[in-house]
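Fold and geometry: a report
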Amino acid sequence: MKIDVVSIFPGYLAPLRESLIGKAVSRGLIEVGVHDLRTWTSDVHRTVDDSPYGGGPGMLMRPEPWGLALDALAPLGGPQPRLVVPTPAGRPFTQALARELSAEPWLLFACGRYEGIDSRVAAYAADRMVVDEVSLGDYVLAGGEVAVLVMVEAIGRLLPGVLGNAASHEQDSFSDGLLEGPAYTRPEVWRGLPVPEVLLSGHHAGIARWRRDESLRRTAQRRPELLGAVSLDDADRAVLEQ
Ligand code: 6GU
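Since we're looking at a predicted model, the values are computed, not measured.

As a further point, take the overall build of the protein chain. Looking only at helices and strands, the protein chain features seven helices and nine strands. What you see for the protein chain is a C-alpha radius of gyration of 22 Å, clearly larger than the 18 Å of a compact globule of 242 residues, by over 25%. In terms of principal-axis extent, the alpha carbons of the protein chain reach across some 70 × 45 × 40 Å. Buried positions account for 23% of the 242 residues belonging to the protein chain. When contacts within the protein chain are restricted to residue pairs at least 6 apart in sequence, those whose partners lie at least 24 apart make up 74%.

Shown next, in the form of structure tokens:
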């Protein structure tokens, strides 16, 4: 997968060279290009922002550098990336969207700062590429850069070969619509706290049932709204009624 990121703070994206994603980049599984938006300014001050029409606080990003960036990175008539614009006004970033984006050959992330990007940029881009305005959650970040780090990590770990063990994302929280339950490793007793006995039993069906029960209980406690989208059988319902 190819990933381009345009930002006025390209240094903010340095963590893409570290850890799991950094390793996938050095192994050639992901190709990352980080670009400074000011490359596409022409005034001496390399201006990227201006005040909003209609008044109001803060500054917006001007559309011209963004238009030139799109033209340079994805020339008209050539193959086009899927454009992802991080904004608290976007649609929610979920595991399902991460999975959908992980199937794309090319993603271009456009990081806004200040109060965001002139709305004509997304409208213009939508004439030639798929555009998603995406939010991480109901809080406001100072810019899209940290959101891109989050999204690239969530997407990148789903790519074939990036995780050591392909089975490891089948057990993720959300992959069955439920939160993951508790997990334990050695020692069997730590500071007086034992590991639940069933996990030591070697009884695979019993262990699977226990894990499902713990997931159901935790989801009911912490994220009850998720249960509406999960198909529950009689055994599941019995656990939730306890
Ligand atoms: Cl994706 N961007 C910004 N700037 N703020 C956010 C966000 C994204 N998601 C939640 N808050």
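Having seen the structure, we can now continue with the description.
In the vicinity of the ligand, 14 residues are found, and the nearest of them are Pro86, Pro88, Leu136, Leu141 and Ala147. Looking at the shell around the ligand, the elements with two or more residues in it are strand S5 (82-92) and strand S7 (131-135). By residue number, the principal contributor to the shell around the ligand is S5, which donates four residues. Counted by class, the shell around the ligand contains eight nonpolar, six polar and no charged residues.

Our focus in this paragraph is the confidence of the model for the protein chain. When the pLDDT values of the protein chain are averaged, the result is 96; 99% of them are 70 or greater. Mean pLDDT in the protein chain bottoms out at helix H1 (residues 19-26), which sits at 95, and peaks at strand S6 (residues 106-110), which reaches 99. Scoring the predicted complex yields pTM 0.95 and, for the interface, ipTM 0.95.

Sheet analysis places S5 next to S6, joined by three bridges and oriented parallel. Across the sheet, residue Arg82 finds its bridge partner in S6, namely Leu107. One ladder, built from six bridges, connects S5 with S7; its direction is parallel. By the bridge assignment, Pro86 is partnered in S7 with Val134.

Okay, the environment of Glu145 next. With respect to the element layout, Glu145 can be found in helix H5 (residues 145-156). A tally of 24 C-beta atoms within 10 Å means that Glu145 is categorised as buried. C-alpha separation for the pair Glu145 and Gly58, spaced 87 residues apart in sequence, amounts to 19 Å. Contacts of Glu145, omitting those with residues within four sequence positions, involve Ser7, Phe9, Tyr12, Leu13 and Cys111.

Each value, and the rule that gives it
- Residues numbered from 1 in each chain as written.
- Predicted model: local features only at pLDDT ≥ 70, side-chain atom pairs only at ≥ 80, totals over all residues.
- Helix = DSSP H or I, 4+ residues; strand = E, 2+ residues; numbered from the N terminus.
- Rg over C-alpha atoms; globule rule 2.2 N^0.38 Å.
- Buried ≥ 20, exposed ≤ 12 C-beta atoms within 10 Å, placed from the backbone.
- Contact = placed C-beta atoms within 7 Å.
- Near = placed C-beta within 6 Å.
- Nonpolar A, V, L, I, M, F, W, Y, C, P; charged D, E, K, R; others polar.
- pLDDT = per-residue confidence, 0-100.
- Pairing = 2+ DSSP bridges.

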